[in-house]
Each structure stands twice: as C-alpha cells, then as structure tokens.
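Chain by chain, the residues:
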Amino acid sequence: MKDIFRFLYELIIGRPQPPMETPLYRNDIFPDVGGITLLLITMGMVILYYYLLNHFMRTAVFSHWYHWLAILLINAAIAFGYAVYYCRINEATPDSYIYWFAAANALYSAIFFLLFSMAVKWKSNNAAHTPF
Amino acid sequence: MAKLFVFGIGGTGARVLRSFAMLMAAGVDVNCDKVVPILIDPDTQNADLNRTVEALKSYRRLHTAAGDKSGFFKKDISKLADIEESGEGKIKDTFTFDFGGINQSFKEFIHFNEMDPDTQSLMQLLYTQDNLQSPLTIGFKGSPNVGSVVLNKLLDSPEIRYFADNFRKGDRIFIISSIFGGTGAAGFPLLLKNLKNPDSGLQNAGDISSAIIGAITVQPYFGLQSDNESAIDSNTFVTKTRDALAYYKNNLQGLDTLYYIADNPDTPYENRPGGASQKNNAHLVELLSALAIIDFMEYPEADFAGPTLYHEYGLKEDAREITFDHLYEETKQRIGKQLVQFKYFAKYYKDFIHQDKGKNYYKALGLDNAFANDNFHKELRQFLENKQWGFYAWLHELSRNSRRFMPFDLNTSNLNLLVKDKAVSHSWLKKGITHDGFVVRLNKEEKSLSAEADQRRKFLQMFYKVTDDYFNEKVPAL
C-alpha cells in the first residue's frame, strides 16, 4: 500500500522536498493521508451521497449531477485541507511542496470519488444513474 | 374467455363508447378477452362519432404498445377488421360501420319517384316532407321512422357478414342506443330482430341467435334549445320515448338483459341536428351507461337462463354536482380506484414529468429521447391532452355539463387535493402525495421492474404501481 501511494503522489509532484524529508513523506505522510482521505473519507462521502441522501432519506431532490459534483468538490476540499493539516502536525518543512502534495491529494480524491461512484451507485434508489 | 361485440348506434352510442374508452384506459376491467366496438351512424361527419373514433384508435395504438399487463390501457379493444379468424372479403379498417356514403335524400333512397301513385300517397302519410327531403348524410335527425327503413341495409352489409363469420359460441353482444333520437331508436330493435333470427342467412346465425345479448337504451337526459329551423324538437323526446317503450314492451324478443338510464334535462344543448357541428359535451349519463357494458359482462351465463333482466341506475344522492360521494359503493368499487389512479398519472404526465430530467427513472428510461422520438409518448400525450377528444377534455366536459360530474379538482397543482372532498392528509412532517415522493417511488419501481425489457410497458407499469400504492396508502377511502 505504501508503494502504491508513493507511486501515485510522486507521479504528479515528484520526489519529496527537501530531500531529507523523503522518509517522512514516504513512510508516514503519503500512506496516512492517502489511506484516510482517498480511501476512508472518499468512500464515506460516496456512501453518504448514494445511500444516505439518495436512498434512505426518501427524497429525490439531491439526485442531480450537480449535487454529486458538489459532494465531489467538498470531498476534494477535505482531502486538500487534511493533507496540509497532516503535514503540519508531522512538522514537515513548510514549503510549497506541501501545497503541491495537497493539490495532488485533492485531484486523486476526485478520481477515487468517481471510481467509487461507479462501483456503488447501482443499488442507490434515486441516484443509480448519477452522474451518468 | 370470449369476445364482446358492442354496437354503438347513433350519437348517444358514440358518446357512451367514448366514456367506455376512457374507463378502459384507466384500467377498469371488463370480463372478456377482447372488446370489439362497432359504431353505427350514417352521419359520418358527426363530431361526436369522430371524437369517439379518434379516442378508440388512439387507445388501440396505446394498448398495442402497452400489452395486457400494464395496468392502464390493458384491455384489448379491436376493430372488426382486426379480429379476422375466418371470413371472406375485406371490410374497412375502422371502428365505424361503412354506409358507403349515402349521399342522397330519403326520397331518393326509397326510389319515391318510381313508386306508383297509391304507394307515394301512403309514403306521404307515413313521412313528412321534411323526412322525405332530408339528406341521409347527417343521419335521421330524430326520426326513427326514417332510420328503420335505411338501417335495414345493415344486414346485407359486408360488416355484418364479417361480424357473423367471426362470431363464436360464447361471444356476447351489447347494444347501446338512445330511445329518443332517430338512429339509435330505429337501429336497436332492428338490429336485435336480425341478430335473433336463426334463419337470417348469416354465417353462424345459430350461435348468434342463441348468444347472450344485452342492451342499454338511454332515455332523455338532455334538452335542446328551441330552433324553428331545426328538425329536432326536444319537447317531443318524452313522447317519443313513451311510444318507443310501448313498442319495445311487445317487440323486443330474445333480449337477455336491458338497462335503462335517464336524467332530468337541465341546461339545453345547442340544437344541431347532425354533422360536424353536433358535438355535445360528455355527460355523466354516458359514463354511467358505459358501466352497463361492464356490469353485463359480470353476470355468468346461468343468470340469463330466465326472462329478460332489467336494470336501472340510481345515484345515492340527488345533487347537481356529483362527486364520488354521490355514487353507490358498487360503482365506486368498479371505477373509483382506477379513475383516481389514471387521473394521478395524467396529472403527473402533463404537469410534472418534464421537471424530472436528471432523475434516476427518467434517465434509465431515456425519456428525453423517448418524448422527442417515440410515437408511444406522442400518442399518449394525444390521448390525455387532445383538446377535442382527450381524457382531460372529457373530464372538463363532464364537469361543465348539467348535471356536473366533477370527482377531481381540475385546477389544483397540489397532488394532495386532486380528488374532490378526499384531501390527502398532510402536515409539516407528513407530506402526503408530493412531486418528490412520486420521484422516489418511480425510481424504486424502475429498479424493481428491471426484468421488463420493453421500456413503454415498464413506464406504464411503474406509474400504475406507484398510483396504486398511493391510492391504497394515502388517498382516503372513496
């Protein structure tokens, strides 16, 4: 799992900066932030959208594509914020790399949101065809 | 089960069949495999006749797409030409009886000028000058003595032969006519006499003459404005009815059951003797007359073993404005639920469905594309919204006539208030029947009907199920 997250992030933003913090990012920040935001929180938001808002609440008012997009953007914002927050509490050097990492995390959270949506939407009563 | 042949004679016959088509569209059940309406009216331009024909044609196209398990439009209503099992020759592919365009006066029809003087004198005794000069293209203008001669042509027609060729043991016949006009009053006893004649020379004459035959004879229920130019005077309706009843008493042989219905005329209609201008608003009496067809099919064969059964219709309460509360339980049981369901469906289809773009069921059924390109939806919209003969037009006409039948609030946009005097209970926490609630239920039904491959049938089944659930769960008992 560590290698997967390392591959994903470094594919976009390159090796951690400054170089001396490479172990911190690779061993702690990448897997923790990726695991929590990309897997747990994103999956939680997808379930919130498809099964809480569009299944158990017995209303169809949130089933439009733009509602789905709004949740995706909120999820991306959380991913961005959590990445910055996690770098800071781990006392990573405060330079621009942190923000590039947060932006990459937000982008991946959107991609994961889309993938999870495709996987779970079918059983949703009111949003089985959202976003398409 | 067998076929039911329904002969609708004259303007009243046509109007009753229009109401019957609306009841069938709503999913009211009639106990037979197939209904075959045959409209008999020489006045081919009659607007009432043409409105009924359009409604029946539209119904037929929708039934073909919907099948017999869609809830709405489920009963097979066929044209005579569609039922070919045997028989020779072709008949016109229409619901109407083809008189071949009787483009002549009654005088020409009976070859008056070729008669000897004594016969001419007799004819002048039996028929007024107006009768003799009257063009047959607009019917018999309330003159059954004219109709009884012209309609004798019926038995020799290809339609009647075709009907006889395809009549099978167990099939039933129902005849709708008015007793106070021309075409119906003349056509009913004539048709019955010929059907009951085992030596008529028709194919299967034995089976036809022994078939169970029911009829409704509609007594006066509307008046006409006085018009010196018109051949029809509604002041004679009661006299004509009395005379015809006296004739029926002794001459209706072999009828298994006869239904009577009438009403006190209130606001008179415009006096239009026939043609395209004869377009009377739908009336409660016609709707209740259509119920006679359904009632007739409920009786098992054994019940007709004795003498003729007679039925009359009565309202639970005499009122000028009729809602479901004024109907007896039996009537409500028979049509109440189906009409409410169909009204909800029609309302949603007309006013709400286009707001559902992006909703699950809407996308799953590809409704954007279907509304633009699928003839089924074009036809459905016609059936519901056509201003001349559609379901909404029919409801509006019923609600404007006198007596008024207005079981629905036709102006409200609140789905909780659709059924008059039966408001669905709702509050801040309990929403009753809402647009959003409809969408949620339609989404659910769309998923649960995943086995139905035909999108049109699925569409109707979804709405039938949702309106059925709403009726059972939310609408107060009728």
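Remember, it's a predicted structure, so these values are computed and weren't measured experimentally.

Scoring rules and cut-offs
Positions within a chain are numbered from 1, following the residues in the order the chain's sequence is written. Following the order in which they are written, the chains are lettered starting with A and the ligands numbered starting with 1. Residue-level local features of this predicted model are given only where pLDDT is at least 70; pairs of side-chain atoms are given and counted only at 80 or more, and the full residue set underlies all totals for whole chains, interfaces and linings. Excluding hydrogens and water, the side-chain figures rest on all heavy atoms present in the structure. We define the nonpolar core as a collection of buried residues of types Ala, Val, Leu, Ile, Met, Phe, Trp, Tyr and Cys that are connected through side-chain atoms lying within 4.5 Å of one another. Accessible area is worked out with a 1.4 Å probe on protein chains only. A residue is then buried under 20% of its type maximum, exposed over 50%, and partly exposed in between. Each helix corresponds to a stretch of at least 4 residues labelled H or I by DSSP, and each strand to a stretch of at least 2 residues labelled E; elements are numbered beginning at the N terminus. In this entry, domain limits derive from an automatic or database-based domain assignment. Whether two residues are in contact is decided by their heavy atoms: any pair within 4.5 Å suffices. A helix is expected to span 1.5 Å multiplied by its residue count minus one. Put simply, buried area is the surface a 1.4 Å probe can reach on two separate parts but cannot reach once they are joined, added for both. By salt bridge we mean one thing: a side-chain nitrogen of Lys or Arg within 4 Å of a carboxyl oxygen of Asp or Glu. In the analysis that follows, any N or O atom pair within 3.5 Å is treated as a polar contact, provided that within protein one partner can donate a hydrogen and the other can accept it, and provided that, for residues neighboring in sequence, both atoms belong to side chains. Residues are grouped as follows: Ala, Val, Leu, Ile, Met, Phe, Trp, Tyr, Cys and Pro are nonpolar; Asp, Glu, Lys and Arg are charged; every other residue, Gly included, is polar.

Here's the deal with the nonpolar core
Right, so step 1: In terms of nonpolar packing, the biggest core is built from 146 residues, with B:F7, B:F73 and B:F459 touching the most fellow members.
Right, so step 2: Tallying contributions element by element places helix 11 (residues 284-298) of chain B first for this core, with 11 residues.
Right, so step 3: Three or more residues apiece are contributed to this core by two domains, here domain 1 (3-313) and domain 2 (337-473) of chain B.
Right, so step 4: Every residue in contact with B:F459, bar those within four places of it in the chain, is listed here: B:F345, B:Y349, B:I353, B:L365, B:L367, B:F376, B:H377 and B:L380.
Right, so step 5: Grouped together as the second largest cluster of nonpolar side chains are 35 residues, A:A83, A:F101, A:Y108 and A:V120 included.

Considering helix 1 (residues 2-13) of chain A
Within an α-helix, residues lying three or four positions from one another point in the same direction, as the helix has 3.6 residues per turn.
All names here are of chain A.
Right, so step 1: Its 12 residues give helix 1 an end-to-end C-alpha distance of 16 Å, which sits within 8% of 16 Å, the value for a rise of 1.5 Å per residue.
Right, so step 2: For helix 1, the complete set of buried residues consists of F5, L8, Y9, E10 and I13.
Right, so step 3: On its buried face, helix 1 sits against helix 2 (22-56) and helix 4 (96-120).

What about the interface of chain B and chain A?
Right, so step 1: Of the residues lining the interface, 13 residues belong to chain B; the matching set on chain A comes to 17 residues.
Right, so step 2: Summed over both sides, the interface between chain B and chain A buries roughly 1100 Å², with carbon and sulfur atoms accounting for 41% of that surface.
Right, so step 3: Where chain B touches chain A, the interface holds zero salt bridges.
Right, so step 4: The interface formed by chain B and chain A contains 14 residue pairs in polar contact (both at pLDDT 80 or more).
Right, so step 5: Those elements giving two or more residues to the side of chain B that touches chain A turn out to be helix 13 (360-364) and helix 17 (435-448) of chain B.
Right, so step 6: If you tally residues by element for the side of chain B that touches chain A, the top one is helix 17 of chain B, at seven residues.
Right, so step 7: Looking at the side of chain B that touches chain A, its residues break down into three nonpolar, three polar and seven charged.

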